[in-house]
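Spelled out, the chains give:
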Amino acid sequence: MKIYNFENIDMVITNLTKEETTEWYNKQYDTEIKSKDVKEVDYHKGFWNPLSYKETEEMNNKCQYKRISETREINNPKQGQIAEQYGDLYKFTTYKQALELYKDEEKPFVLCSTEF
């Protein structure tokens, strides 16, 4: 299982080869990215992963989070840090953690994106 960075926009987690993942991505998003332009992510870095409804309720009861806009550490978050943005709660997850979380997934998917 690996995570590939597509044009600094989409991070795709997959069991496929880089070439197969690029082909899948191009079909899904009607693009023409070349596999040589696709890079594997730095697994020590990460992304803000949305919490589930249950996790959000638990965190709201504990009130143990800050707004992302109020958090100085937003550009250097800590693993497991919880933050709020637009009413939703997110947990900072490293790409290495994501490999473990999604290890049973059989099909590639966009793990996170810089575009909404």
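It should be noted that the structure appears before, not after, this text.
Residues numbered from 1 in each chain as written. Predicted model: local features only at pLDDT ≥ 70, side-chain atom pairs only at ≥ 80, totals over all residues. Heavy atoms only, no water.

1. Some words on the overall build of the protein chain
Summing up its helical and strand segments, the protein chain has three helices and eight strands in all. Reading the protein chain from its N terminus to its C terminus gives the helix and strand order β-β-α-β-β-α-β-β-β-α-β. In the protein chain, which comprises 116 residues, the share counted as buried stands at 34%. Expressed as a percentage of contacts within the protein chain between residues at least 6 apart in sequence, the contacts between residues at least 24 apart total 57%. By element, 46% of the accessible surface of the protein chain is carried by carbon and sulfur atoms, the whole surface being about 8300 Å². (Helix = DSSP H or I, 4+ residues; strand = E, 2+ residues; numbered from the N terminus. Buried < 20%, exposed > 50% of the residue type's maximum accessible area, 1.4 Å probe, protein only. Contact = heavy atoms within 4.5 Å. Areas by Shrake-Rupley, 256 points an atom, 1.4 Å probe, with all protein chains shown as cover.)

2. A few points about the packing of aromatic side chains
Under the definition given, this model contains five aromatic pairs. Relative to Phe92, the ring of Trp48 lies with its centre 5.5 Å away and its plane at 70°, an arrangement referred to as edge-to-face. In this pair, Trp48 is assigned in strand 4 (residues 46-50) and Phe92 in strand 7 (residues 88-94), connecting sequence segments 44 residues apart. Overall, Phe92 belongs to the buried group, its relative accessible area being 9%. Relative to Phe109, the ring of Tyr102 has its centre 5.4 Å away and its plane inclined at 75°; by these criteria the two rings are edge-to-face. (Phe/Tyr/Trp six-rings, centres within 6.5 Å; stacked < 30°, edge-to-face > 60°.)

3. What to know about the sheet that holds strand 3 (residues 39-40)
Taken in spatial order, the four strands line up as 3-1-2-8 in an open sheet, and their pairing is antiparallel. Each edge of the open sheet is held by one strand with a lone partner, namely strand 3 and strand 8 (109-113). Here five bridges tie strand 1 (residues 2-6) to strand 2 (residues 10-14), and the two strands are oriented antiparallel to one another. By the bridge assignment, Lys2 is partnered in strand 2 with Thr14. (Pairing = 2+ DSSP bridges.)

4. Let's talk about the layout of surface pockets
The computed volume of the largest pocket comes to approximately 650 Å³. If you trace the largest pocket, you find 24 residues lining it, with Phe47, Trp48, Cys112, Ser113 and Thr114 closest to the centre. Mapped onto the lining of the largest pocket, the elements with two or more residues apiece are strand 4, strand 7 and strand 8. Per-element accounting of the lining of the largest pocket gives the leading share, five residues, to strand 4. A per-class count over the lining of the largest pocket returns 14 nonpolar, seven polar and three charged. (1 Å grid on protein atoms, 1.4 Å probe; cavity = no way out; pocket = protein on both sides within 12 Å on 5 of 7 lines; lining within 4 Å. Points joined across faces, edges and corners; volume = space filled by probe spheres on them. Nonpolar A, V, L, I, M, F, W, Y, C, P; charged D, E, K, R; others polar.)

5. Focus on the pairing of strand 2
Across the five residues that make up strand 2, a large majority, five, are buried. With burial as the criterion, each face of strand 2 is covered, one bearing Asp10, Val12 and Thr14 and the other bearing Met11 and Ile13. Between strand 1 and the antiparallel strand that follows it, strand 2, lie three residues; Glu7 among them carries a positive phi value of about 55°. The pairing of strand 2 with strand 8 spans four bridges and is antiparallel. Each residue of the ladder has a partner; that of Val12, found in strand 8, is Val110.

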